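What follows is the residue order along each chain.
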Amino acid sequence: MGTGHTIRCKHCGTEFMHLTGLGFMGFDCENGFCHIETETAIRCPQCMKRLNYTEEEFKEQVVGHICWD
């Protein structure tokens, strides 16, 4: 199972795809519930600011997502 999120950084506006599952880290999705990891930093590739201090902060920046098995 894997998940991909399109994220728009609230700091600089950069949009990028963040992939998890199959060796990627940051999320744990099961039965439609996604827990967003906040102990490991997810950073914007442009400005390098951390995007996941809290789940709420991260979810505010998600533009779209995909899931696959």
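These figures come from a predicted structure and were not determined experimentally. (Residues numbered from 1 in each chain as written. Predicted model: local features only at pLDDT ≥ 70, side-chain atom pairs only at ≥ 80, totals over all residues. Heavy atoms only, no water.)

Novice: Would you mind showing me how to read the pattern of salt bridges here?
Specialist: Should the charged atoms of two oppositely charged side chains come close, the side chains can pair. The full count for this structure, using the stated rule, is three salt bridges. A salt bridge links Lys10 to Glu57; its shortest N-O distance comes to 2.9 Å. Linking Lys10 in the loop between strand 1 (2-8) and strand 2 (15-21) with Glu57 in helix 1 (residues 55-61), this pair joins segments that are 47 residues apart in sequence. For Glu55, the salt bridge identified is with Lys59, shortest N-O distance 3.6 Å. With Glu55 and Lys59 both in helix 1 and four residues apart, this pair spans about one turn of that helix. Take Glu55: its relative accessible area is 21%, and that puts it in the partly exposed class. Exposure remark for Lys59: the relative accessible area of 48% places this residue in the partly exposed category. (Salt bridge = Lys/Arg side-chain N within 4 Å of Asp/Glu carboxyl O. Helix = DSSP H or I, 4+ residues; strand = E, 2+ residues; numbered from the N terminus. Buried < 20%, exposed > 50% of the residue type's maximum accessible area, 1.4 Å probe, protein only.)

Novice: Explain the confidence of the model for the protein chain to me, please; I cannot follow it from the model alone.
Specialist: Reading predicted coordinates in detail is not appropriate for stretches of low pLDDT. On average, the protein chain scores 81 in pLDDT, and the residues at 70 or more come to 75%. Mean pLDDT across the secondary structure elements of the protein chain bottoms out at strand 3 (residues 27-30), with 54, and peaks at helix 1, with 91. (pLDDT = per-residue confidence, 0-100.)

Novice: Explain the environment of Arg43 to me, please; I cannot follow it from the model alone.
Specialist: Looking at where Arg43 falls in the secondary structure, it is placed in the loop between strand 4 (33-36) and helix 1. Using a relative accessible area of 42% as the deciding quantity, one classes Arg43 as partly exposed. As for Arg43 and His18, which are separated by 25 residues in sequence, their C-alpha atoms are 9.7 Å apart. Ignoring any residue separated from it by four or fewer positions in sequence, one finds Arg43 in contact with Phe16, Met48, Lys49, Arg50 and Leu51. At a separation of 3.1 Å, a polar atom in the side chain of Arg43 contacts the main-chain carbonyl oxygen of Met48. (Contact = heavy atoms within 4.5 Å. Polar contact = N/O pair within 3.5 Å; in protein donor to acceptor, adjacent residues only side chain to side chain.)

Novice: How do you make sense of the nonpolar core when you look at a structure like this?
Specialist: When a protein is soluble and globular, its nonpolar side chains tend to lie buried together. Counting residues in hydrophobic clusters, the biggest one holds eight residues: Ile7, Cys9, Phe16, Ile36, Ile42, Cys44, Leu51 and Phe58. When sequence neighbours within four positions are dropped, the list of residues in contact with Leu51 reads Ile7, Cys9, His11, Phe16, Ile42, Arg43, Cys44, Glu57, Phe58 and Gln61. (Core = buried A, V, L, I, M, F, W, Y, C linked by side-chain atoms within 4.5 Å.)

Novice: Would you take a moment to explain the side chain of Gln61 for this structure?
Specialist: Its place among the elements puts Gln61 in helix 1. Overall, Gln61 belongs to the buried group, its relative accessible area being 3%. At a separation of 3.1 Å, a polar atom in the side chain of Gln61 contacts the main-chain carbonyl oxygen of Glu57. Residues within four places of Gln61 in sequence aside, it is in contact with Thr6, Ile7, Arg8, Cys9, Lys10 and Leu51.

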